[in-house]
Amino acid sequence: MTLRLFNTLSRAVEPFAPLAPPRVTLYTCGPTVWNYAHIGNFRTFVFEDVLRRYLEYIGYEVLHVMNLTDVDDRTINAASAAGVPLAVHTRPFTQAFFEDSGYLRILPAHHYPAATAFVPQMVALVSRLLEKGVAYQGDDGSVYFAIDRFPAYGRLSRVEMRELKAGARVSSDEYAKEDARDFVLWKAARPEDEAVGAAWDAPFGRGRPGWHLECSAMSQHYLGDTIDIHAGGVDLIFPHHEDEIAQSEAATGEPFARFWLHGEFLLVEGTKMSKRYGNFLTARDLREDGWDAAAVRYLLGQTHYRKQLNFADDALKAAATGASRLAEFRGRLASLGGESSGEAWRALEERLVRDFGTAMDDDLDVARAIAAIMDFVRDGNRLLDAEAGLAEAGRGRVLSTFDRLTGVLQIVPSGMGTAGDLDTWAHDLARQRAAYRREKEWAKADEVRKLLLEKGFDVRDTKDGGYELRRVTRAPSAT
Ligand code: AMP
Ligand code: ZN
């Protein structure tokens, strides 16, 4: 099986292969650090994290770059409103973004270029576009990209040129706008920009880069002219990604990105979660409410990344229950240890690996992959319950397979193996041992006793045929 991904460029699911295997170059548009990222933003970042982890799972070496947009209309407006320099305003939100990404178990990108650190590269790119004659300086001093000099404009978003307002120039880089004819590359400095330190010198006049330009320059700096995968939320298709393509391809003459992947929106009560609608929830809100990141990721995984997801508390509660079932099962499996696994386990494991791979290869069908894991948990629990399951030697390999697969999705709560889960496991086992004793299966009963001791539990029999379980600080037979 090969991985197949929906490519927005062709509007089709295509087999994926990188240009220079085993390396995959991945560029994902990062947060605009004018405020906290909301969980809609994080839906996109988690989808990208699953993409990256799955690419690594199937053997690719991913080089991942995510930019930080720390200069654009929104950051400048927010810094102005707060009356502080741009960098002072964006720093805590950048920090918060890293903390929240950590909480949501998102793998760090290999590079997080901040736009303000790459202004020379952006200036060079604008100069190149001016030299090639696809850009021009307007009477307002800003530099614009002339889309009628780039015939491929509109190929990604499929906007019709005639739908764009002829002659309209878009100097704003806020992205919820309707048209994008001749979008801005470099914005002439205004007093408000100077006031917050958002202005740089350039041969074509003092100003600051347009938002779209930032990604073209930083992606090229780290990943070269052509990248394997470029990803973001659907709202970036137009104009952001369309404009990135125009800038990059007009400058280099090479295809900019081979695969374009876009994640759908997260909604709240049917409306796009957005700071501008005031209906946003941040990752830190979820953390403060005590939600394990695994539950959040389990919830996000229930809906395919190309479908809209309506965020609801009930669904999060259900996801938390699903995630804790995984943790409980993992606890049971881990406690039994061992090196090899028996036939029944091997069959379950093979089915799991196959179904998980088939689902993920099918344009990252995470919901189906989770279903495969849950089937495994159900049948695995049955095996563990059954005497035959217990008697079989070791589940070490099964456990590592389970960890590898759930690791791609990060859906097992981190609390697993903690006292609570271990206690449940120990009581289950002690009950099992009492049953063995009643049936005079002394050898099996002894085996269980040893296992419990290794995990720090001392089991004593009581006169009424029951048991007493005590924790011992150091397992006498282990070490
Ligand atoms: P921004 O910080 O606004 O530049 O957005 C960062 C990322 O979040 C981009 O990839 C956006 O497409 C994505 N995004 C913004 N709003 C949502 C939403 N409600 N649901 C999913 N993704 C979103
Ligand atoms: Zn971008």
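These remarks concern the structure in this document. (Residues numbered from 1 in each chain as written. Chains lettered and ligands numbered in written order. Predicted model: local features only at pLDDT ≥ 70, side-chain atom pairs only at ≥ 80, totals over all residues. Heavy atoms only, no water.)

1. Quick word on the side chain of Ser248
For Ser248, the location among the structural elements is in helix H7 (residues 237–252). Here Ser216 takes part through its side chain, which lies 2.9 Å from a polar atom of the side chain of Ser248. Leave out the neighbours within four places in its chain, and Ser248 touches Ser216, Gly253 and Phe256. (Helix = DSSP H or I, 4+ residues; strand = E, 2+ residues; numbered from the N terminus. Polar contact = N/O pair within 3.5 Å; in protein donor to acceptor, adjacent residues only side chain to side chain. Contact = heavy atoms within 4.5 Å.)

2. Describing the coordination of the zinc ion (ligand 2)
Within the protein, the zinc ion (ligand 2) binds to Cys29 (SG), Cys215 (SG), His240 (NE2) and Glu244 (OE); these donor distances fall in the range 2.0 to 2.4 Å. Site description for the zinc ion (ligand 2): donor spacing in sequence, C-x185-C-x24-H-x3-E. Placement of the pair is Cys215 in helix H6 (residues 211–223) and Glu244 in helix H7, with a sequence separation of 29 residues. Accessibility assignment for this pair places Cys215 and Glu244 in one class, buried. (Donors = N, O, S within 2.8 Å, 3.2 Å for Na, K, Ca; no water. Buried < 20%, exposed > 50% of the residue type's maximum accessible area, 1.4 Å probe, protein only.)

3. Remarks on the nonpolar core
With 76 residues, the main nonpolar core has Ile229, Met360 and Leu409 as its most contacted residues. A domain-level breakdown of this core finds at least three residues from each of domain 1 (17–271) and domain 2 (312–409). Setting aside its immediate chain neighbours within four residues, Met360 contacts Leu3, Val50, Tyr54, Asp365, Val366, Ala369, Val408 and Leu409. (Core = buried A, V, L, I, M, F, W, Y, C linked by side-chain atoms within 4.5 Å. Domains from an automatic or database assignment.)

4. A closer look at the packing of helix H4 (residues 119–131) against H7
Interhelical geometry of H4 versus H7 gives an angle of 65° and a closest axis separation of 9 Å. Regarding the angle of H4 to H7, the classification is roughly perpendicular. The interaxial crossing formed by H4 with H7 has left-handed handedness. Here H4 contributes Leu125, Arg128 and Leu129 to the contact with H7, which in turn contributes Gln247, Ala250, Ala251 and Thr252. (Axes fitted to C-alpha atoms, helices over the stretch in contact; angles between N-to-C directions. Parallel < 35°, antiparallel > 145°, perpendicular 65-115°, else oblique. Left-handed = near helix turned anticlockwise from the far one by under 90°.)

5. Remarks on the side chain of Gln247
Here Gln247 is to be found in helix H7. Gln247 gets classed as buried once you look at its relative accessible area, which sits at 0%.

6. Focus: the pairing of strand S4 (residues 61–66)
Taking burial as the measure, the six residues of S4 include five buried ones, the bulk of the element. Bridging between strand S3 (residues 23–28) and S4 involves six bridges; their strand directions are parallel. Residue Thr28 lies in a different strand from S4, and its bridge partner there is Met66. With helix H1 (residues 39–57) bridging S3 and the parallel S4, this β-α-β connection has right-handed handedness. (Pairing = 2+ DSSP bridges. Right-handed = clockwise from strand over helix to strand, strands pointing away.)

7. Quick look at the sheet that holds strand S10 (residues 257–263)
Strand order across the open sheet formed by four strands is S4-S3-S9-S10, with parallel pairing between neighbours. Looking at the sheet topology across the chains shown, the edges are occupied by S4 and S10. Neighbour to neighbour, the strand axes of the sheet diverge by 20° on average, direction disregarded. As judged from the six bridges shared by strand S9 (residues 227–233) and S10, these two strands associate in the parallel manner.

8. Things to note about empty space enclosed by the protein
Counted according to the given criterion, the structure contains two cavities of 30 Å³ or more. Looking at the largest cavity, its volume works out to about 200 Å³. As for the largest cavity, its lining consists of 16 residues, and the residues nearest its centre are Phe47, Leu300, Gly301, Tyr305 and Val366. Secondary structure elements with two or more residues in the lining of the largest cavity: H1 and helix H9 (293–301). Among the elements that make up the lining of the largest cavity, the one with the highest residue count is H1 (five residues). Its residues assigned to classes, the lining of the largest cavity shows eight nonpolar, five polar and three charged. Among the domains, domain 1 (17–271) and domain 2 (312–409) are the pair contributing at least three residues each to the lining of the largest cavity. Roughly 70 Å³ of volume is contained in the second largest cavity. Put simply, the parts of the chain that give the lining of the second largest cavity at least two residues each are H1, S4 and helix H3 (86–103). Sorting elements by how many residues they give to the lining of the second largest cavity places H1 first, with three residues. Split by residue class, the lining of the second largest cavity holds seven nonpolar, two polar and two charged. (1 Å grid on protein atoms, 1.4 Å probe; cavity = no way out; pocket = protein on both sides within 12 Å on 5 of 7 lines; lining within 4 Å. Points joined across faces, edges and corners; volume = space filled by probe spheres on them. Nonpolar A, V, L, I, M, F, W, Y, C, P; charged D, E, K, R; others polar.)

9. Overview of the packing of aromatic side chains
Within the structure shown, the criterion is met by 24 aromatic pairs. With a centroid separation of 6.1 Å and 75° between ring planes, the pair formed by Phe145 and Phe150 is classed as edge-to-face. Each member of the pair, Phe145 as well as Phe150, is classed as buried. Note on Trp345 and Phe376: the rings are 6.3 Å apart at their centroids and 65° apart in plane angle, and the pair reads as edge-to-face. Of this pair, Trp345 sits in helix H11 (residues 343–361) while Phe376 sits in helix H12 (residues 366–385), placing them 31 residues apart in sequence. For the pair Trp345 and Phe376, a shared accessibility class is recorded, and that class is buried. Sitting above the plane of the Tyr103 ring, Arg287 keeps its charged end 5.6 Å from the centroid. Between Arg306 and the ring centre of Phe6, over which it is positioned, the NZ or CZ distance is 4.0 Å. (Phe/Tyr/Trp six-rings, centres within 6.5 Å; stacked < 30°, edge-to-face > 60°. Lys NZ or Arg CZ within 6 Å of the ring centre and 35° of its normal.)

10. Re the sheet that holds strand S11 (residues 266–268)
Spatially, the three strands line up as an open sheet ordered S12-S11-S13, and their pairing is mixed. Among the strands making up the open sheet, the edge pair consists of strand S12 (271–272) and strand S13 (309–311). Sheet analysis places S11 next to S12, joined by two bridges and oriented antiparallel. Counted as the bridge partner of Leu267 is Lys272 from S12.

11. Notes on the site of ligand 1
Around ligand 1, 19 residues are found, and the nearest of them are Thr32, Gly40, Thr44, Asp235 and Leu266. With respect to ligand 1, the side chain of Thr32 contributes an N or O atom lying 2.7 Å from an oxygen atom. One of the backbone nitrogen or oxygen atoms of Gly233 is found 3.0 Å away from an oxygen atom of ligand 1. Protein chains bury 98% of the 490 Å² of accessible surface belonging to ligand 1 in isolation. Secondary structure elements with two or more residues in the shell around ligand 1: H1 and S9. No other element matches the four residues that H1 contributes to the shell around ligand 1. Across the shell around ligand 1, the residue classes break down as seven nonpolar, eight polar and four charged. (Near = heavy atom within 4 Å. Areas by Shrake-Rupley, 256 points an atom, 1.4 Å probe, with all protein chains shown as cover.)

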